[in-house]
Amino acid sequence: MAGRVCGKEDQCLNMNCALPVPYVKINKDGLIQGMSQKAIVLLTGQAETIHDCFDEESHNKLTKYLLPFEGEKSFEANVKGKDNPFVLCDIHISWEQDYAHVVFIPTGTHVRGLEEKLSELRLRLASTDFELFEKKEALEDALKRLDELSGPFIPVSEKMAFVPLFGDITESKMMTVTGNALKAAYEGQFEDIFFDLSATGEIDEPGVQKLSELFRMLHYMNGKPVNIIGVKPKHARQLHKLDVDWPVNYETSLKEVLQQHS
């Protein structure tokens, strides 16, 4: 009988009727002896032989893997589904004397599961990317604020200003310091501007170039060279190595400068 569910006379099929996978038992002639409930749901209801379960293009492949009638085999083929004319499945065949046990595993189930996991992963990655972007912006803002605090423009009097530089002299830091210093110098019209290098660390060439540009612009604005104090021996060696020619005056210490202008 086509698509026969396990009968009472067949103890083996009684045991496999409730299998959680599509399962079919066939004989050497390919006749279906019985099938599990999952197979009834998956396969076309007109199936009397194992060939009826497959599309015509898969018949040659099926015959190849059925013969000889022994051992275990597995292959991939299109199955005629009850709700879908073509269902790609992994087919597993195991022969036992004159009968074969055939299990159908629809690969679409795996694909859907993978698609769902991939979709979840995409959502998680998108969320993570947005969080990282927000953290990156916050970090950039914090670094910019740190650069601003590393070179504050401090008015000492109506005509004198003091700019202590902290940390390494880098290009990004000098770009931030330059913007703030030029704005403050223009608004205050200071005549004497002192840059203190006492608290600086390393000096790199791009940072020195930006600092040189700042000194020249300040020189053009008020017509007087910038004053430098707190130059350490290691700074002098680094500046000499970089062949620096700043339009500046060098002072010994802030204390002496304040005494001269008091």
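In short, a report on the structure. Only a predicted model underlies this, so the values are computations on that prediction, with no experimental measurement involved. (Residues numbered from 1 in each chain as written. Predicted model: local features only at pLDDT ≥ 70, side-chain atom pairs only at ≥ 80, totals over all residues. Heavy atoms only, no water.)

### Describing the sheet that holds strand β7 (residues 160–169)
Using the following cut-off: Note on pairing: two strands pair once DSSP finds at least 2 bridges between them. By definition, any uninterrupted DSSP run of H or I lasting at least four residues is a helix, any uninterrupted run of E lasting at least two residues is a strand, and each is numbered from the N terminus. Throughout, a contact is declared for two residues whenever any of their heavy atoms are within 4.5 Å. Geometry is summarised by axes, namely lines fitted to C-alpha atoms with helices restricted to the contacting stretch, and by angles between N-to-C directions that run from 0 to 180 degrees.
Read from one edge to the other, the open sheet built from 5 strands follows the order β6-β7-β8-β9-β10, with strand pairing classed as mixed. The open sheet is flanked by β6 (154–155) and β10 (248–251), the only strands paired with a single partner. As judged from the 8 bridges shared by β7 and strand β8 (residues 192–203), these two strands associate in the parallel manner. Its bridge partner lying in β8, Phe166 is registered against Ala199. Against the sheet, helix α5 (residues 171–188) contacts β7 and β8, and its axis sits at roughly 175 degrees relative to β7. Contacting β7, β8, β9 (226–229) and β10, helix α6 (residues 205–222) runs over the sheet at an angle of about 180 degrees to β8.

### Points about the environment of Glu72
Condition: Partly exposed describes any residue whose relative accessible area lies between the buried limit of under 20% and the exposed limit of over 50%, with all areas from a 1.4 Å probe on protein chains only and scaled to the type maximum.
Inspection of the secondary structure puts Glu72 in strand β3 (residues 72–79). With a relative accessible area of 69%, Glu72 lands in the exposed category. For the pair Glu72 and Trp95, spaced 23 residues apart in sequence, the C-alpha to C-alpha distance is 6.5 Å. Those residues in contact with Glu72, other than ones at most four positions away along the chain, are Ile93 and Ser94.

### Brief notes about the side chain of Asp55
Condition: For the charge count, each Lys or Arg is scored as positive and each Asp or Glu as negative, with His and the chain ends excluded. Whenever a carboxyl oxygen of Asp or Glu lies within 4 Å of a side-chain nitrogen of Lys or Arg, that contact is scored as a salt bridge.
One can find Asp55 in the loop between α2 (37–42) and α3 (59–66). Although buried, Asp55 forms no salt bridge, and the nearest oppositely charged side chain, Lys80, lies 7.8 Å from it. Ignoring anything within four residues of it in the chain, the contact list for Asp55 reads Asn78, Lys80 and Phe86.

### Points about the packing of aromatic side chains
Selection criterion: Ring pairs are drawn from Phe, Tyr and Trp, using the six-membered ring of Trp, whenever the two centres fall within 6.5 Å, and their geometry is named by plane angle: stacked under 30 degrees, edge-to-face over 60, tilted for the rest.
Within the structure shown, the criterion is met by 6 aromatic pairs. With a centroid separation of 5.5 Å and 55 degrees between ring planes, the pair formed by Phe153 and Phe190 is classed as tilted. Taken together, the residues Phe153 in the loop between α4 (107–149) and β6 and Phe190 in the loop between α5 and β8 connect sequence positions 37 residues apart. By relative accessible area, Phe153 is classed as buried at 16%. Judged by its relative accessible area of 9%, Phe190 is buried. Measuring from centroid to centroid gives 5.0 Å for Phe195 and Phe215, while their planes differ by 75 degrees, and the two rings are edge-to-face. Of this pair, Phe195 sits in strand β8 while Phe215 sits in helix α6, and the two are 20 residues apart along the sequence. Through pairs of rings, three or more aromatic residues link up here, namely Phe54, Tyr65, Phe75 and Phe104.

### Describing the pattern of salt bridges
For the coordinates displayed, the defined rule picks out 6 salt bridges. With its nearest N and O atoms 2.7 Å apart, the salt bridge here joins Lys224 to Asp192. Of this pair, Lys224 sits in the loop between α6 and β9 while Asp192 sits in strand β8, and the two are 32 residues apart along the sequence. Relative accessible area serves as the criterion here: at 31%, Lys224 is assigned to the partly exposed category.

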